[in-house]
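Examination of the molecular architecture
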Amino acid sequence: MSAIIVFGAGGRVGRVEEARRRGHHVTAVVRTPAGHRGLEAAGDRLAGVRLLAGDVTDADAVAALAAGRDAAVMAAYDPGARPEVFFPAAARALLDGLGRARVGRLVAVGLSAALETSDGTPLMDTPGFPREYRAFAAGHAAGTDVWRACAGGPDWVVVSPAGDFDPTGARTGGYRLSGADTAARVSHGDFAIALLDEIDAPRHHRTHVGVVGA
């Protein structure tokens, strides 16, 4: 059993549910708790989850919120911020804040656009990738680059769908690893399993991995 803090917990309740299913103590952090009634409405399934306000780009706030936790999940995004500013700022704040709080493991939700295809090219740089999504993808990747450039800080991994989510897919209890594959899909429930597996039994370190439904 671990104490886990989830930054951006309001996006997908399933990630918090998977942590509670495994018996972990969970602190769910969002910018404005009043706007995330879904976490409260989950009732007994999320009993014991602490819902707190916090800004993942504020290193002092990260350090205070994460004190006493064993691992962190980064799933936050501010739609009002420029992605090339938000994601690197959050990455720096997490390195600083989690380091001060002595949190040993960080698992971040990534994008398939930053995964490499079979020839080593990031998906977002391949012909046909929608240009309207590239700025967001590049901003996301810039956050990961901050972690790659730092020798210290928590042991981190970025986990993303190999292609995209299957919004209506069921939780099957399994998944497999994959490079970038635009046709691949993974359910939100199975993706949550992959995230929590990297906390309970870390297999990947300082890298980005893709997952697809089993």
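I will try to describe carefully the structure that is included in this document. The structure displayed is predicted, hence computed values, not measured ones.

What to know about the packing of aromatic side chains
For the coordinates displayed, the defined rule picks out 7 aromatic pairs. Taking 5.1 Å as the distance between ring centres and 80 degrees as the angle between the ring planes, the aromatic pair formed by Phe-86 and Phe-87 counts as edge-to-face. Ring geometry for Phe-87 versus Phe-136: centroids 5.6 Å apart, planes at 80 degrees, classification edge-to-face. Of the two residues, Phe-87 sits in helix 4 (residues 83-101) while Phe-136 sits in helix 5 (residues 131-148), which places them 49 residues apart along the sequence. Through successive ring pairs, a cluster of aromatic residues spans Tyr-77, Phe-86, Phe-87 and Phe-136.

Thoughts on helix 3 (residues 59-66)
The buried fraction of helix 3 amounts to 6 of the 8 residues, a majority that puts the element mostly inside the structure. Every buried residue belonging to helix 3 is among Ala-59, Ala-61, Val-62, Ala-63, Leu-65 and Ala-66, and all of these are buried. In this fold, the buried residues of helix 3 make contact with strand 1 (3-7), strand 2 (25-30), strand 3 (50-53) and helix 4. Here helix 3 starts with a cap whose side-chain oxygen sits 3.0 Å from the backbone nitrogen of Asp-60, and that cap is Asp-58. A positive phi of about 85 degrees marks Gly-68, the residue just after helix 3.

Quick notes on the sheet that holds strand 5 (residues 105-109)
What the 8 strands build is an open sheet, ordered 3-2-1-4-5-6-10-8; its pairing is mixed. Bordering the open sheet on either side are strand 3 and strand 8 (175-178), each of which pairs with just one other strand. Sheet twist, expressed as the mean angle between neighbouring strand axes with direction ignored, is 25 degrees. With 4 bridges joining them, strand 8 and strand 10 (residues 208-213) adopt antiparallel strand pairing. Paired with Tyr-175 across the bridge in strand 10 is Gly-213. Across the sheet, helix 4 touches strand 1, strand 4 (71-74) and strand 5, and the angle it forms with strand 4 is around 175 degrees. Contacts from helix 5 reach strand 5, strand 6 (155-161) and strand 10, with the element oriented near 155 degrees to strand 6.

Concerning the packing of helix 4 against helix 5
At a closest axis distance of 7 Å, the pairing of helix 4 and helix 5 adopts a crossing angle of 20 degrees. With respect to their mutual orientation, helix 4 and helix 5 come out roughly parallel. Of the two possible hands of crossing, helix 4 and helix 5 adopt the one that is right-handed. Contacts between helix 4 and helix 5 involve Pro-83, Glu-84, Phe-87, Pro-88, Ala-91, Arg-92, Leu-94 and Leu-95 from the first element and Ala-135, Phe-136, Gly-139, His-140, Ala-142, Gly-143, Val-146 and Trp-147 from the second. By residue class, the composition of the contact of helix 4 with helix 5 is 11 nonpolar, 3 polar and 2 charged.

Let's talk about unusual backbone geometry
Keep in mind that most residues, glycine aside, have a negative phi and that most peptide bonds are trans. At Arg-102, a residue that is not glycine, the phi angle is positive and equals roughly 60 degrees. With respect to the secondary-structure elements, Arg-102 resides in the loop between helix 4 and strand 5. The phi dihedral of Arg-206 falls on the positive side, at around 55 degrees, and the residue is not glycine. For Arg-206, the position within the fold is in the loop between helix 6 (188-200) and strand 10. Taking the relative accessible area as the measure of exposure, Arg-206 reaches 31% and is therefore partly exposed.

A closer look at the environment of Pro-88
Mapped onto the fold, Pro-88 is located in helix 4. In this structure Pro-88 comes out as buried when scored by relative accessible area, which is 9%. C-alpha of Pro-88 to C-alpha of Arg-134: the two residues are 46 residues apart in sequence and 16 Å apart in space. Other than its neighbours up to four places away in sequence, Pro-88 contacts Pro-83, Gly-139, Ala-142, Gly-143 and Val-146.

Re the side chain of Ser-160
Tracing the backbone shows Ser-160 in strand 6. Here Ser-160 falls in the buried class, since its relative accessible area comes to 0%. Within the structure, Ser-160 has its side chain in polar contact with the side chain of His-208 (distance 2.9 Å). Residues contacting Ser-160, with those up to four places away along its chain left out, are Gly-110, Leu-111, Ser-112, Leu-115, Phe-191, His-208, Val-209, Gly-210 and Val-211.

Reading the values: rules and limits
- Residues numbered from 1 in each chain as written.
- Predicted model: local features only at pLDDT ≥ 70, side-chain atom pairs only at ≥ 80, totals over all residues.
- Heavy atoms only, no water.
- Phe/Tyr/Trp six-rings, centres within 6.5 Å; stacked < 30°, edge-to-face > 60°.
- Helix = DSSP H or I, 4+ residues; strand = E, 2+ residues; numbered from the N terminus.
- Buried < 20%, exposed > 50% of the residue type's maximum accessible area, 1.4 Å probe, protein only.
- Contact = heavy atoms within 4.5 Å.
- Polar contact = N/O pair within 3.5 Å; in protein donor to acceptor, adjacent residues only side chain to side chain.
- Pairing = 2+ DSSP bridges.
- Axes fitted to C-alpha atoms, helices over the stretch in contact; angles between N-to-C directions.
- Parallel < 35°, antiparallel > 145°, perpendicular 65-115°, else oblique.
- Left-handed = near helix turned anticlockwise from the far one by under 90°.
- Nonpolar A, V, L, I, M, F, W, Y, C, P; charged D, E, K, R; others polar.

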